[in-house]
Structures are given as C-alpha cells and as structure tokens.
Amino acid sequence: MQARSMLHLLQLVSPSLPIGAYSYSQGLETALENGTVSDAAGARAWIVAALHQVVARFEAPIFWRLMQAFAARDAQAVGDWNERFIAARDTAEFRAETIQMGYSLGKLATELAIGDAGLLAILQAQPELPLPTALAYAAVALQVPAPEALLGMLFSWAENQVLVCVKSVPLGQVAGQRLLLSLQPELASAAELAQTLSDDALSNWSPGLSLLSMQHEVQYSRLYRS
C-alpha cells in the first residue's frame, strides 16, 4: 500500500473526522442501561456478536459492493445498493444515524473537491446518502485499495463501540485499548467474510438489536443519539 493511500485511509477512519460518529452507540447504550453489558467481558461479547452477526453480514458487504460499483462508474449498482441499505435501517434512530453521517461525509468530500466530475455526479444523484455510500465514494476517489478501506471501515466501527464502553461501562483507558487489540483477529475475519458473501446471503436480521434501538428512542437518560 502506497504512503499516499495509507494517509488517505488514516484520515477517512480517524475519529477526528467531523461526521459525528462519536455521538452514536448503535443500541449499545440501551444494553448498558438494562445491564446486558456491564463489564469488559460483556463489552467484548457484545461487540464481537454485533460484528459477526450484523456488520460483517450486511453493512460491510454492501460497503464492499459500493466500492466496486463506484470504481466501475456503475451508477445503477450504486443506486441499487444505496437504496437497499437505507431500506434495511429498521428503526428511526438507525436510519437517522447513517443519513446524518453520510450527508456530513458527502458534504466534506464535495467541499474538499475529492473525486472527479463523473464520480461526483454518481454520488450527487443519490436521493439520500447513507454512510457506507459516502465512505465508498471517498475511498475510491482517494484511491484507497478496497481491502484496506474495508478493514478501515470495520476498525472505525469497532473503535467507536469501544469508546462507548470506555465512557459508559465505564472501562479504563488501558482496558479499552486491551479490548481493541483483542478485536484485531475478529475484524480480519469479518473483512474476509464480507468479501465472500453472495448477494442472497446478506442479512442484518437482529431483532434483539432492533428492539434495543426502539427502546433507546424513549430512554429517559442518554448520552448518545442511537
């Protein structure tokens, strides 16, 4: 991987990127509230389960397909996978989360003039822009190799989940870093799976997570927006 591409990847997955990821827990805050997650072991079990049962089987494969579609300048495929991802957001919070972050990243990419006119036209043709679509556009426009971009996307998701646990379990900073290190083989495995699943094998079926998200919408006290 060339230095320029690596630097672009580091910028894309940085928690400092101003798209608001830090303000979302993706249902984890409710799991903390009801005691499902209460310590380091429970936090790791939660993150691993969400990674392998949801992210690796739906969000990551769609991100992979969107990168391929942008690279091929296939506007129809981009539109189809963009629409499918939005339709799969089964709670108001999950939908608002991805649209807000996707809009922010898309706006940032446009203002920084990332990508050529043809690629940008495909992005701007989307009626709504979820995060995977905006991230796939940026990765292709910045010539980040797809396998590395996929790992970066997964790591960014995991890091945000760990940070929620550090702040809310709470875990110490060392425990949080230990947890993040322990997730490395899990993330590599998830990336491999995401690249091999057929279209018919994609699934984000996770009713327990959906219920937690709906409960979070009316949770009395909360730090996060999902």
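Thresholds, definitions, all that
- Residues numbered from 1 in each chain as written.
- Predicted model: local features only at pLDDT ≥ 70, side-chain atom pairs only at ≥ 80, totals over all residues.
- Heavy atoms only, no water.
- Salt bridge = Lys/Arg side-chain N within 4 Å of Asp/Glu carboxyl O.
- Helix = DSSP H or I, 4+ residues; strand = E, 2+ residues; numbered from the N terminus.
- Buried < 20%, exposed > 50% of the residue type's maximum accessible area, 1.4 Å probe, protein only.
- Core = buried A, V, L, I, M, F, W, Y, C linked by side-chain atoms within 4.5 Å.
- Contact = heavy atoms within 4.5 Å.

Trainee: Teacher, can you tell me more about the pattern of salt bridges here?
Mentor: Any two side chains of opposite charge can pair, on the condition that their charged atoms come close. Per the stated rule, a full pass over the model turns up 7 salt bridges. Residues glutamate 59 and arginine 89 are paired through a salt bridge, measuring 3.3 Å at the closest nitrogen-oxygen approach. In this pair, glutamate 59 is assigned in helix H3 (residues 40-71) and arginine 89 in the loop between helix H4 (75-87) and helix H5 (92-111), connecting sequence segments 30 residues apart. Note on accessibility: glutamate 59 and arginine 89 belong to one class, buried. Across the pair glutamate 128 and arginine 95 runs a salt bridge, and its minimum N-O distance is 2.5 Å. Placement of the pair is glutamate 128 in the loop between helix H6 (117-124) and helix H7 (131-141) and arginine 95 in helix H5, with a sequence separation of 33 residues. Take glutamate 128: its relative accessible area is 31%, and that puts it in the partly exposed class.

Trainee: Hey, could you run me through the nonpolar core in this one?
Mentor: Side chains that are nonpolar tend, in soluble globular proteins, to be buried together. By size, the foremost hydrophobic cluster in this structure holds 77 residues, and its most contacted members are Met67, Phe70, Leu150, Leu154 and Leu183. At 18 residues, H3 tops the list of elements feeding residues into this core. When near neighbours in sequence (up to four residues on either side) are disregarded, leucine 154 contacts Leu51, Val55, Ala60, Leu187, Ala190 and Ala191.

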